[in-house]
Amino acid sequence: QVQLVESGGALVHPGGSLRLSCEAHGDIVGILNMGWHRQEAGKQREMVAVITSSGTATYADSVKGRFTISRDNAKNTLYLQLNSLKPEDTAVFYCFALIRAGTTSNWEPYWGQGTQVTVSS
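Because the structure is a prediction, the values reported are computed rather than measured. (Residues numbered from 1 in each chain as written. Predicted model: local features only at pLDDT ≥ 70, side-chain atom pairs only at ≥ 80, totals over all residues. Heavy atoms only, no water.)

Student: Where do I start with the environment of Ser70 in this structure?
Tutor: Secondary-structure assignment places Ser70 in strand S7 (residues 67-72). Each C-alpha atom, one on Ser70 and one on Gln81, is 8.2 Å from the other, the two residues being 11 residues apart in sequence. (Helix = DSSP H or I, 4+ residues; strand = E, 2+ residues; numbered from the N terminus.)

Student: Is there a simple way to explain the pairing of strand S4 (residues 28-39) in this structure?
Tutor: The side chains of a regular strand alternate between both faces of the sheet. Of the pairings in the sheet, the one linking S4 to strand S9 (residues 91-101) comprises 9 bridges and is antiparallel in character. When the sheet's bridge partners are listed, Gln39 is paired in S9 with Val92. Once S4 ends, the chain turns through 6 residues before running back antiparallel as strand S5 (residues 46-51), passing Gly42 with a positive phi of about 80 degrees. (Pairing = 2+ DSSP bridges.)

Student: I keep staring at the sheet that holds strand S8 (residues 77-82) and nothing clicks. Help me out?
Tutor: Sheet strands associate in pairs through backbone hydrogen bonding, adopting either a parallel or an antiparallel arrangement. Ordered in space as S1-S3-S8-S7, the 4 strands form an open sheet in which the pairing is antiparallel. For this open sheet the edge positions go to strand S1 (3-7) and S7, each flanked by a neighbour on one side alone. Ignoring strand direction, the axes of neighbouring strands in this sheet form an average angle of 15 degrees. One ladder, built from 6 bridges, connects strand S3 (residues 18-25) with S8; its direction is antiparallel. Of the residues in S8, the one forming a bridge with Arg19 is Gln81. (Axes fitted to C-alpha atoms, helices over the stretch in contact; angles between N-to-C directions.)

Student: What's the story with the nonpolar core in this structure? I'm lost.
Tutor: Here is a general trend for soluble globular proteins: nonpolar side chains tend to be buried in one another's company. One finds Trp36, Val48, Phe67, Leu78, Leu80, Phe93 and Ile99 to be the most contacted residues of the largest nonpolar core, which totals 30 residues. Elements represented by at least two residues in this core include exactly S3, S4, S5, S7, S8, S9 and strand S11 (115-119). At 6 residues, S9 tops the list of elements feeding residues into this core. For Ile99, the contacting residues outside a window of four places in its chain are Val2, Leu4, Ala24, Ile28, Gly30, Ile31, Asn106, Trp107, Glu108 and Tyr110. (Core = buried A, V, L, I, M, F, W, Y, C linked by side-chain atoms within 4.5 Å. Buried < 20%, exposed > 50% of the residue type's maximum accessible area, 1.4 Å probe, protein only. Contact = heavy atoms within 4.5 Å.)

Take a look at the structure:
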C-alpha cells in the first residue's frame, strides 16, 4: 500500500515563509509527476505547482515568483517552499503523485491527507 504523508503546515504572518514536505511510503516502483494543490474553505481545489520526474516545474500564476517546488527522488519526497505569504494563500495544501506500486503495472494517482496553511496577522 502506498501513502503520501505531508507535513509543514502552520500559522504564519503575512510576508512569512513555510516549507511543506510530502513523503511517499510503501511498495513504490516509480514516481512520475508530483505536485501540490490547495483548497480554500468553500472553494474548489486548485493546482499550485507540478514537477516532473526530471525536475521541470509548472506554477499557477498566483504563486509564481513566491513558491518553489522541488523533489528528492532518492527519498521519494516532494517539497514546496512558500515565501512572501499572503492571507489569500490560506488553504489546505494537498500533495499528489503518479505512482506505480509494486503490486500493479499501472500508474495511479495518490493524494496526501492535507496540511493546513494559515496566513494571518
